[in-house]
Amino acid sequence: MSAVQAHRYEDAKIGASYRWSREISEADLDAFVALTGDCSPLHVDPAYARARGFEGRVVHGAFQTGMLST
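Since the structure is predicted, the reported quantities are computational estimates derived from the model, not experimental observations.

### A few points about the side chain of His 60
Working step 1: Relative to the helices and strands, His 60 resides in the loop between helix H3 (46–51) and helix H4 (61–68).
Working step 2: For His 60, the contacting residues outside a window of four places in its chain are Phe 32, Val 33, Asp 38 and His 43.

What follows is the structure in structure tokens.
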């Protein structure tokens, strides 16, 4: 995981933008499935996801939303 620079609310400026990136691993997806119980084949089966036009497993929308709070 990349280092995240801390920013304070008081320092926020109108028009400012910040970037943050993180590579989501297979282990991350597996942990999210275990935590939530959401074992949709789209999220857990790469062959199923590829047969539906994706490159592989699809990251849960809730996982991505959780990343926004970072």
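### So, the pattern of salt bridges
Working step 1: According to the stated counting rule, one finds 4 salt bridges in the structure shown.
Working step 2: Of the charged contacts in the structure, one is a salt bridge between Arg 22 and Asp 28, with a shortest N-O distance of 3.3 Å.
Working step 3: Its relative accessible area of 24% is what places Arg 22 among the partly exposed residues.
Working step 4: You can call Asp 28 buried: its relative accessible area is 17%.
Working step 5: Put simply, Glu 26 and Arg 57 hold a salt bridge, and the shortest N to O gap is 2.6 Å. Here Glu 26 is found in helix H1 (residues 26–36), whereas its partner Arg 57 is found in the loop between H3 and H4, with 31 residues between them in sequence.
Working step 6: Residue classification places Glu 26 among the partly exposed residues on the basis of a relative accessible area of 48%.
Working step 7: A single salt-bridge network, built from bridges that share partners, covers Glu 26, Asp 30 and Arg 57.

### Here we look at the confidence of the model for the protein chain
Working step 1: Per-residue confidence for the protein chain gives a mean pLDDT of 88; residues scoring 70 or more make up 93%.
Working step 2: Per-residue pLDDT, averaged within each element of the protein chain, yields its smallest value for H4 (89) and its largest for H3 (97).

About the thresholds
- Residues numbered from 1 in each chain as written.
- Predicted model: local features only at pLDDT ≥ 70, side-chain atom pairs only at ≥ 80, totals over all residues.
- Heavy atoms only, no water.
- Helix = DSSP H or I, 4+ residues; strand = E, 2+ residues; numbered from the N terminus.
- Contact = heavy atoms within 4.5 Å.
- Salt bridge = Lys/Arg side-chain N within 4 Å of Asp/Glu carboxyl O.
- Buried < 20%, exposed > 50% of the residue type's maximum accessible area, 1.4 Å probe, protein only.
- pLDDT = per-residue confidence, 0-100.

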